[in-house]
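The lines below spell out each chain.
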Protein chains: 2
Amino acid sequence: MGVKRKTKSVKKLLKIFGQTNSAISAVKLAEDLHQEMNKTTVYRILERLEDEGTLHSFIGKDGLKWYANNEKDSAPYHSFAHPHFQCKSCGKTECLTMDIDIPPVPKYKIDSIKLLFIGECDDCAS
Amino acid sequence: MGVKRKTKSVKKLLKIFGQTNSAISAVKLAEDLHQEMNKTTVYRILERLEDEGTLHSFIGKDGLKWYANNEKDSAPYHSFAHPHFQCKSCGKTECLTMDIDIPPVPKYKIDSIKLLFIGECDDCAS
DNA sequence: AATTTAATGCACCTTAGTTGCAATAACAAA
DNA sequence: TTTGTTATTGCAACTAAGGTGCATTAAATT
Ligand SMILES: [Mn+2]
Ligand SMILES: [Mn+2]
Ligand SMILES: [Zn+2]
Ligand SMILES: [Zn+2]
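Please read these numbers as outputs of a predicted model, since none were measured by experiment.

Between chain B and chain A, the residue contacts involve 32 residues of the former and 32 residues of the latter. Between chain B and chain A lies a buried interface of about 2,700 Å² when both sides are counted; carbon and sulfur atoms form 63% of it. Considering only the side of chain B, the residues that lose the most area to chain A are Tyr108(B), Phe117(B) and Ile118(B), jointly responsible for 21% of the buried surface there. At the boundary of chain B with chain A, the tally comes to 4 salt bridges. We note a salt bridge from Glu120(B) to Lys109(A), for which the minimum N-O separation is 3.9 Å. Counting across the interface, chain B meets chain A through 12 residue pairs in polar contact (both at pLDDT 80 or more). Per-class residue counts for the side of chain B that touches chain A are 19 nonpolar, 4 polar and 9 charged. Across 11 bridges, strand β8 (residues 109-120) of chain A lies against strand β8 (residues 109-120) of chain B in antiparallel orientation.

Moving on, we get to the sheet that holds strand β3 (residues 65-69) of chain A. Residue and element names in this part refer to chain A. Taken in spatial order, the 3 strands line up as β1-β3-β2 in an open sheet, and their pairing is antiparallel. What marks the edges here is a single partner per strand, and that holds for β1 (24-25) and β2 (55-59). Packing of helix α1 (residues 8-18) onto the sheet brings it into contact with β1, β2 and β3, and relative to β3 it is tilted by some 75°. Set on the sheet, helix α3 (residues 39-51) makes contact with β2 and β3; between it and β2 the angle comes to about 115°.

Take the side chain of Ser9(B) next. Residues and elements named next belong to chain B. Within the secondary structure, Ser9 sits in helix α1 (residues 8-18). Residue class for Ser9 comes out buried when judged on its relative accessible area of 15%. Once you skip the residues sitting within four places of it in the chain, Ser9 turns out to touch Met37, Thr41 and Ile45.

Thresholds applied
Residues numbered from 1 in each chain as written. Chains lettered and ligands numbered in written order. Predicted model: local features only at pLDDT ≥ 70, side-chain atom pairs only at ≥ 80, totals over all residues. Heavy atoms only, no water. Contact = heavy atoms within 4.5 Å. Buried area = accessible area lost by both parts, 1.4 Å probe. Salt bridge = Lys/Arg side-chain N within 4 Å of Asp/Glu carboxyl O. Polar contact = N/O pair within 3.5 Å; in protein donor to acceptor, adjacent residues only side chain to side chain. Nonpolar A, V, L, I, M, F, W, Y, C, P; charged D, E, K, R; others polar. Pairing = 2+ DSSP bridges. Helix = DSSP H or I, 4+ residues; strand = E, 2+ residues; numbered from the N terminus. Axes fitted to C-alpha atoms, helices over the stretch in contact; angles between N-to-C directions. Buried < 20%, exposed > 50% of the residue type's maximum accessible area, 1.4 Å probe, protein only.

Keep in mind these values describe shape, not function.
And the structure:
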């Protein structure tokens, strides 16, 4: 179920995601906010914001969970994937704006596609 | 570094991967083999087999690490991705045989691509 | 057989994420 | 505004994946 009450903690997280397009790991959020709310609260709010469609999540290259804004007009799965990029040097992780066209997979009923590009970002490539 | 000695434990794992094309999670292997070797040994052998190119690994939808055979002729990253499928009902996880063509990503230097299809397998879709 | 050292077992650790429950605070009704 | 309902939070304890240090074992080589 989604968020039912605009608590201080919910507002705080919404503000953070309102200020960036980058993905942020749950771990980082729990760390950064640990003076303002319990880590359990962070995890629970993220879950609720994802449920209601405000955020979306994915698993990064190291198995950590990352969250980012959901584009309002993001449709469910057609035949394209919303890709993420993760820098193996600095860890920066982003939603890519392009949608990647994925050909149909024979034999399986596909619900969603996770597409993760791993490489080096601008800053680290120099 | 890769495997230097064909120990009993190494042979056991090689035999297992010699008998299937499915991916197997490290957790499952450690469980199944826990009478025959320590879980630490399982994790270390998997790491070495991946280092030497015998196996490859990826992170599944729940953040677990999965291993599967490496096709001998698998090139590094050109512009295609080796996709995996994971059934959200029964957890079955497989390497797909097709290579998916991925268009170049502007702005980033990409080293590898992780492509995970999540859906329902034949058995679970009925 | 003796030597070398890669590989293993074990005990312990680290970290991400979850759970149960009592206390708190949105929010709506009175 | 006060009161009542219950969503949300904090806390402490827990689970599970995976990793580490080190003494011991066992491949492989001489
Ligand atoms: Mn995204
Ligand atoms: Mn594979
Ligand atoms: Zn970077
Ligand atoms: Zn299935």
